[in-house]
Amino acid sequence: MDTEQRLAVIRGGVPPKRHNARTIAALTGNPGCTRRAVLDGAGVDKPALAERVGFPARFGQSRFAITRGNVFEAQVKADGGAELLRLVAERLGVPVPAAARWTNLGGDDDPAARARRSATLLTEVLSPADEPAALFDHPMLGLVVAGQRVHLEPDLVAARLGGRFHVVEVKSFPVIDGQADPAKLAAAAVQSAVYVLALRDLMAAGGHDPHLVSHEVVLVCPRDFSNAPVAHLLDVRRQLLVVRRQLDRMDRLDTLLAGVPDGFTADPAADPAALAGSLAQVPARYAPDCLASCELAYFCRQETRGQTGALGRPVREALGGIAEVAEVLAFAAGEPATDPDRAEAAALLRTAARLRADALATA
Ligand code: SF4
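In this text, all values refer to a predicted model and were calculated from it rather than measured experimentally.

Participant: I'd like a description of the layout of surface pockets, backed by residues and values.
Facilitator: Left-over empty space is what a probe sized like a water molecule reveals as it rolls over the atoms. As a volume, the second largest pocket reaches approximately 400 Å³. What lines the second largest pocket is a set of 19 residues, among which Arg285, Tyr286, Ala287, Gly309 and Arg313 lie closest to the centre. Looking at which domains feed residues into the lining of the second largest pocket, each of domain 1 (1–284) and domain 2 (311–362) gives three or more.

Participant: Account for the environment of alanine 78, naming residues and giving values.
Facilitator: Relative to the helices and strands, alanine 78 resides in helix α6 (residues 78–92). In this structure alanine 78 comes out as partly exposed when scored by relative accessible area, which is 35%. Remark: the alpha-carbon pair of alanine 78 and arginine 52, spanning 26 residues in sequence, is separated by 44 Å.

Participant: So, the sheet that holds strand β2 (residues 133–137): which residues are in play, and what are the values?
Facilitator: The strands making up a sheet are joined through hydrogen bonds of the backbone, oriented either antiparallel or parallel. In space, the six strands of this open sheet follow the order β1-β2-β5-β6-β7-β8, with mixed pairing throughout. Each edge of the open sheet carries a strand with a single partner, namely β1 (100–104) and β8 (229–235). Averaged over all adjacent pairs, the angle separating strand axes in this sheet is 25°, with direction ignored. For β1 and β2, the ladder comprises five bridges, and the chain directions are parallel. Each residue of the ladder has a partner; that of alanine 100, found in β2, is alanine 133. Contacts from α6 reach β1, β2, β5 (156–161), β6 (164–170), β7 (216–222) and β8, with the element oriented near 45° to β8.

Participant: I'd like a rundown of the domain arrangement of the chain, residues and numbers included.
Facilitator: Assigned domains of the chain: these are domain 1 (1–284) and domain 2 (311–362). The straight-line distance from the C-alpha centre of domain 1 to that of domain 2 is 43 Å.

Participant: Explain the packing of helix α8 (residues 182–205) against helix α9 (residues 237–251) residue by residue, including any values.
Facilitator: Look at α8 against α9: their axes get within 9 Å of each other, and the N-to-C directions meet at 70°. Taken together, the axes of α8 and α9 are roughly perpendicular relative to one another. Where α8 approaches α9, its residues Ala189, Val190, Ala193, Val194, Val196, Leu197, Arg200 and Asp201 are matched on the opposing element by Gln239, Leu240, Val243, Arg244 and Leu247. Grouping the constituent residues of the contact of α8 with α9 by class yields nine nonpolar, one polar and three charged.

Participant: Can you lay out the environment of valine 190 for me, pointing to particular residues and giving the numbers?
Facilitator: Tracing the backbone through its elements, the reader meets valine 190 in helix α8. Linking valine 190 and alanine 146, residues 44 residues apart in sequence, is a C-alpha distance of 18 Å.

Participant: Before we move on, can you summarise the side chain of glutamate 169 with the specific residues and values?
Facilitator: Looking at the element boundaries, glutamate 169 is found in strand β6. The buried category is assigned to glutamate 169, whose relative accessible area is 2%. Glutamate 169 has contacts with Pro154, Asp155, Gln191, Ser192, Tyr195, Val218, Leu219 and Val220, leaving out every residue within four places of it along the chain.

Participant: Tell me about the site of the ligand, and please be specific about residues and values.
Facilitator: If you check the shell around the ligand, you find Asn30, Cys33, Arg35, Arg36, Ala284, Arg285, Tyr286, Cys290, Cys294, Leu296, Ala297 and Cys300 and nothing else. The site holding the ligand turns out to be the largest cavity. Elements supplying a minimum of two residues to the shell around the ligand: α3 (34–42) and α13 (297–303). Here the shell around the ligand is built from residues that sort into eight nonpolar, one polar and three charged.

Participant: Describe the packing of aromatic side chains, listing the residues and the values that go with them.
Facilitator: Enumeration according to the criterion identifies one aromatic pair in this entry. Between phenylalanine 55 and phenylalanine 299, the aromatic rings sit 5.9 Å apart at their centres with planes inclined by 75°, giving edge-to-face as the arrangement. Of this pair, phenylalanine 55 sits in the loop between α4 (46–52) and α5 (63–76) while phenylalanine 299 is found in helix α13, placing the two residues 244 residues apart along the sequence. The ring of tyrosine 298 carries arginine 58 above its face, with NZ or CZ at 3.9 Å from the centroid.

Participant: So what's going on with empty space enclosed by the protein? Which residues, and what values?
Facilitator: Scanning all chains against the criterion turns up one cavity of 30 Å³ or more. What the largest cavity holds in volume is close to 80 Å³. Forming the walls of the largest cavity are Asn30, Cys33, Arg35, Arg36, Ala284, Arg285, Tyr286, Cys290, Cys294, Leu296, Ala297 and Cys300. If you list the elements that add at least two residues to the lining of the largest cavity, you get α3 and α13.

Participant: Describe α6, and please don't skip the residues or the numbers.
Facilitator: For α6, built from 15 residues, the straight-helix expectation of 21 Å at 1.5 Å per residue is met to within 8% by its first-to-last C-alpha distance of 21 Å. The largest bend in α6 amounts to roughly 30° and is located at leucine 85. Among the residues making up α6, those that are buried are Gly81, Leu84, Leu85, Leu87, Val88, Ala89 and Leu92. Once α6 finishes, glycine 93 follows within two positions and takes phi at roughly 75°, a positive value.

Participant: Can you break down α3 residue by residue, with the values?
Facilitator: Counting buried residues in α3 gives nine out of nine residues, a clear majority hidden from the surface. Listed as buried for α3 are Thr34, Arg35, Arg36, Ala37, Val38, Leu39, Asp40, Gly41 and Ala42. At the exit of α3 stands glycine 43, carrying a positive phi of roughly 75°.

What counts, and at which threshold
Residues numbered from 1 in each chain as written. Predicted model: local features only at pLDDT ≥ 70, side-chain atom pairs only at ≥ 80, totals over all residues. Heavy atoms only, no water. 1 Å grid on protein atoms, 1.4 Å probe; cavity = no way out; pocket = protein on both sides within 12 Å on 5 of 7 lines; lining within 4 Å. Points joined across faces, edges and corners; volume = space filled by probe spheres on them. Domains from an automatic or database assignment. Helix = DSSP H or I, 4+ residues; strand = E, 2+ residues; numbered from the N terminus. Buried < 20%, exposed > 50% of the residue type's maximum accessible area, 1.4 Å probe, protein only. Pairing = 2+ DSSP bridges. Axes fitted to C-alpha atoms, helices over the stretch in contact; angles between N-to-C directions. Contact = heavy atoms within 4.5 Å. Parallel < 35°, antiparallel > 145°, perpendicular 65-115°, else oblique. Nonpolar A, V, L, I, M, F, W, Y, C, P; charged D, E, K, R; others polar. Near = heavy atom within 4 Å. Sits in = over half its atoms within 2 Å of the grid points. Phe/Tyr/Trp six-rings, centres within 6.5 Å; stacked < 30°, edge-to-face > 60°. Lys NZ or Arg CZ within 6 Å of the ring centre and 35° of its normal. Expected span 1.5 Å × (residues − 1). Bend = angle between axes of the 7 residues up to and from the residue.

As structure tokens, this is what we get:
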């Protein structure tokens with residue numbers, strides 16, 4: 001059985017679920033987790049799987065947030081992107097052009113046809129060099145994820161500003177006093193890096209220098225508590241490396257599959273108990289961050305109940321690297337360490353417990 005056939009068996013014969021920029025960005029959340037890499041590589045419907053095993057995912061954008069995002073994006077792009085052009089040019093530190101060519105590449109037609117049209121128009125703009133700036137609304141790009149071509153649609157690509165292409169992302173989370181929610185900012189940076197990679201791949205495929213696409217992404221958000229847009233530059237070089245590394249790992253799925261038992265299935269139609277048992281056969285690496293980035297988080301969390309690793313690596317390390325919560329509590333209660341390697345951790349935990357008890361008594 002080749003890799004493709006094996007992945008189809010794991011999915012239960014259903015077609016693979018397609019990735020998008022958000023799911024590709026989420027792949028980087030826990031790159032060391034084999035369970036996730038195999039499920040995502042196979043294109044398993046993880047929300048359905050999580051529901052089937054009794055631990056439905058509890059994240060995702062609310063309908064309200066999606067609507068708010070769409071309204072803000074439409075507002076920012078009004079008048080052929082005149083305000084957006086000013087914001088982006090000013091943030092890049094280049095003169096604001098009197099006008100820019102606006103090309104709407106969005107629509108409901110065939111994504112492959114849109115991708116071809118986007119590739120033609122985005123590379124056409126490379127010559128001649130004295131043309132005005134150009135803004136491409138919702139171009140269709142592509143990346144190969146685990147052997148499948150995935151279509152990706154950034155909010156906007158600006159060309160000829162500062163001599164390069166810039167990905168522009170419009171987000172509806174606010175920037176208050178110059179600060180945005182760090183988690184949302186981090187997610188936006190990874191997602192934007194996915195678009196930069198896709199645009200660089202497009203350039204390279206056309207025989208152009210991929211570095212014509214800047215690693216600086218322009219993020220446009222509402223300012224303070226208003227709807228007035230403000231632009232920020234995000235340097236996504238680190239995220240580009242992380243996303244590329246994870247995509248390369250997904251390309252080597254056969255290596256990962258070699259360590260997965262033959263009968264492993266993630267078919268959401270299978271018996272829930274059998275599915276849970278099957279999932280347990282593939283190593284996972286649960287961390288609290290999974291709660292925000294992987295649909296299986298509640299399943300994996302219950303699996304690690306009682307283990308210090310479930311509290312995150314910093315907590316586990318602070319507890320002397322001891323794996324079981326029960327053992328940590330026993331040491332804190334004064335139980336002696338029989339293993340000499342744990343004697344120091346046991347002494348520290350005893351001291352910490354005594355200091356906590358003293359502090360509570362004083363309070
Ligand atoms: S939730 Fe589970 S499968 Fe998903 S990344 Fe975390 S450990 Fe891996």
